[in-house]
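# Coordinate inspection notes
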Amino acid sequence: DQQVKQNSPSLSVQEGRISILNCDYTNSMFDYFLWYKKYPAEGPTFLISISSIKDKNEDGRFTVFLNKSAKHLSLHIVPSQPGDSAVYFCAAKGSGGSNYKLTFGKGTLLTVNP
Amino acid sequence: DAGVTQSPTHLIKTRGQQVTLRCSPKSGHDTVSWYQQALGQGPQFIFQYYEEEERQRGNFPDRFSGHQFPNYSSELNVNALLLGDSALYLCASSLWTGGRMTEAFFGQGTRLTVV
């Protein structure tokens, strides 16, 4: 049972345009959400996070939106740059006894074309 | 400031053998988690170590075991290797503070191939 789902395996956008990566979750106990970026032959790099008490968090070109009622979050990258081309993982962390682990989606490969 | 370092970066083992992977956490971090990432999948949580004890375990068999040392570094051991154990093994470190963990920083991973 996959509790964090990234239904788009890949996404291609033009440089300068907006990239929108989506993520859905099923576990209502998740209260903290993170996005990681991964280049080939490297480990995942933390990008941005959001607590369930917020619906938006912004950091430079990156904004994460959380819709708790829909159990959906999205990552917006504006403007997209060729260096943003990577695999993006959505991850979730639960409260209480399940607070220790991150549950990841399968990732979305973003390609930003010059 | 050194980030999370893992060794070795690549490893080839034969089915049935045993393997040990090593991880040094980011300076100042006291918690180490291990993840397995199979091809085309997201990282899957194996277990987490804090204060030299396994604090939580994912859905992995007992063939997977670990250890955390007083300096917070950690080892992942896998016994009786199966072909299906071939994957990228990621170590993540974080700091446990105020009842929560800070964001996890990942190492570059160890690519294990079982033949």
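Residues numbered from 1 in each chain as written. Chains lettered and ligands numbered in written order. Predicted model: local features only at pLDDT ≥ 70, side-chain atom pairs only at ≥ 80, totals over all residues. Heavy atoms only, no water.

### Observations concerning the sheet that holds strand E8 (residues 72-77) of chain A
Defined as follows: Pairing between strands is defined by DSSP: at least two bridges between them are needed. Helix and strand labels come from DSSP, where a helix needs a run of H or I of at least four residues and a strand needs a run of E of at least two; each type is numbered from the N terminus.
Reading across the sheet, the five strands line up as E1-E3-E8-E7-E6 (chain A) and stay open at both edges, with antiparallel pairing between neighbours. Edge positions in the sheet fall to strand E1 (4-5) and strand E6 (56-59) of chain A, since each has one partner strand and no second.

### Comments concerning empty space enclosed by the protein
Rule in force here: Grid points spaced at 1 Å over the protein atoms alone were grouped into cavities, where a 1.4 Å probe fits but cannot get out, and pockets, open sets with protein on both sides within 12 Å along at least five of seven lines, with lining residues defined by an atom within 4 Å of a point. Grid points are joined across faces, edges and corners, and a volume is the space filled by probe spheres set on the points.
Applying the stated criterion across every chain yields a total of one cavity of 30 Å³ or more. Reported here for the largest cavity is a volume of approximately 40 Å³. What lines the largest cavity is simply A:Tyr100, A:Leu102, B:Ser33, B:Tyr35, B:Gln48, B:Ala92, B:Ser94, B:Met101 and B:Ala104. For the lining of the largest cavity, the secondary-structure elements that each account for two or more residues are strand E4 (31-37) and strand E9 (87-94) of chain B.

### A word on the pattern of salt bridges
For side chains of opposite charge, pairing can occur when their charged atoms come near one another. All names here are of chain B. How we decide: By convention in these notes, a salt bridge is any Lys or Arg side-chain nitrogen within 4 Å of a carboxyl oxygen on Asp or Glu. Throughout, exposure labels follow a simple rule: accessible area from a 1.4 Å probe, protein chains only, divided by the maximum for the residue type, with under 20% read as buried, over 50% as exposed, and the rest as partly exposed.
This model, assessed by the stated rule, comprises four salt bridges over all chains. Notably, a salt bridge pairs Glu54 with Arg57, separated by 3.1 Å at the nearest N-O pair. On the basis of relative accessible area, Glu54 is assigned to the partly exposed category, the value being 36%. Its relative accessible area of 27% is what places Arg57 among the partly exposed residues.

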